[in-house]
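# Chain and residue survey
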Amino acid sequence: MNKPLILVVEDDSSVKNLITTTLKAHDYRHLTAPNGKAAILEASSHNPDIVLLDLGLPDIEGVDVIKKIRTWSNVPIIVISARSEDTDKIDALDAGADDYITKPF
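To start, this report covers the structure provided alongside it.

So, how was this worked out
Residues numbered from 1 in each chain as written. Predicted model: local features only at pLDDT ≥ 70, side-chain atom pairs only at ≥ 80, totals over all residues. Heavy atoms only, no water. Pairing = 2+ DSSP bridges. Helix = DSSP H or I, 4+ residues; strand = E, 2+ residues; numbered from the N terminus. Axes fitted to C-alpha atoms, helices over the stretch in contact; angles between N-to-C directions. Contact = heavy atoms within 4.5 Å. Parallel < 35°, antiparallel > 145°, perpendicular 65-115°, else oblique. Left-handed = near helix turned anticlockwise from the far one by under 90°. Core = buried A, V, L, I, M, F, W, Y, C linked by side-chain atoms within 4.5 Å. Buried < 20%, exposed > 50% of the residue type's maximum accessible area, 1.4 Å probe, protein only. Arc of directions from axis to C-beta. Polar contact = N/O pair within 3.5 Å; in protein donor to acceptor, adjacent residues only side chain to side chain.

Below, the discussion takes up the pairing of strand 5 (residues 99–102). Where strand 4 (residues 77–81) and strand 5 come together, four bridges link them in parallel fashion. Pairing of Val79 across the sheet is with Tyr100, part of strand 5.

For the rest of this paragraph, the subject is the sheet that holds strand 5. The strands that make up a sheet are held in pairs by hydrogen bonds between backbone atoms, and each pair lies either parallel or antiparallel. The strand order 2-1-3-4-5 describes an open sheet built from five strands, whose pairing is parallel. Two strands lie at the open edges of the sheet, namely strand 2 (29–33) and strand 5, each paired on one side alone. On average, each strand axis in the sheet is tilted by 20° relative to the strand beside it, whichever way the strands run. Here helix 1 (residues 13–25) sits on the sheet in contact with strand 1 (5–9), strand 2, strand 3 (50–53) and strand 4, set at roughly 165° to strand 2. Here helix 3 (residues 62–70) sits on the sheet in contact with strand 3 and strand 4, set at roughly 175° to strand 4.

Between helix 3 and helix 4 (residues 86–95), whose axes approach to 8 Å, the crossing angle comes to 10°. For the element pair helix 3 / helix 4, the angle class is roughly parallel. The handedness of the crossing between helix 3 and helix 4 is right-handed. Each of Val63, Ile66, Lys67 and Arg70 in helix 3 lies in contact with helix 4, whose residues at this interface are Asp91, Ala92 and Ala95.

Take the nonpolar core next. Within the largest apolar cluster, 23 residues are counted, with the highest numbers of intra-cluster contacts made by Val9, Leu53, Ile66 and Ala92. Of all elements in the fold, only strand 1, strand 2, helix 2 (36–46), strand 3, helix 3, strand 4 and helix 4 reach the threshold of two or more residues within this core. Of the residues forming this core, the biggest block, four residues, is contributed by helix 3. Every residue in contact with Ile66, bar those within four places of it in the chain, is listed here: Leu53, Ile77, Val79, Ala92, Ala95, Gly96 and Ala97.

Now for helix 2. Inspection of helix 2 places Gly36, Ala39, Ile40 and Ala43 among the buried residues, and these make up the whole buried set. Along the long axis of helix 2, the arc covered by the buried residues comes to 95°, so they all point the same way. Those residues of helix 2 that are exposed and angled more than 90 degrees off the buried face are Lys37 and Leu41. Among the structural elements, strand 1, strand 2 and helix 3 are those in contact with the buried residues of helix 2. At the N-terminal end of helix 2, a side-chain oxygen is found 3.2 Å from the backbone nitrogen of Lys37, two or three residues along, and the residue is Asn35. Looking one or two places after helix 2, you find Asn47, whose phi comes out positive at around 45°.

Looking at the element boundaries, Asp54 is found in the loop between strand 3 and helix 3. Only 3.4 Å separates the side chain of Asp54 from the backbone nitrogen of Gly56, close enough to count as a polar contact. Among residues more than four places away in sequence, those in contact with Asp54 are Val9, Glu10, Asp11, Gly62, Ile80, Ser81 and Lys103.

Right, dumping it as structure tokens:
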């Protein structure tokens, strides 16, 4: 049985390495994207089974990435962000995110 394909959208290399190392240890297939534009391209090109998305990206706000992906896909999107304000969580969930995890985890 093939494990799900996970798209990790994270610009912080230490956090990205932690997540991808954990995924590798459990034999999950994964892709990475360092910014919003690459995330949108990877999501549209590879149709991942789930997206793990940081909100604080260098080029596009994560909420805008969610909105763009939602125009064509219902892929589960889990936000992983250091932003802990309720308004950030509400904005992400209202944009179409399925869950929100606050760093550090």
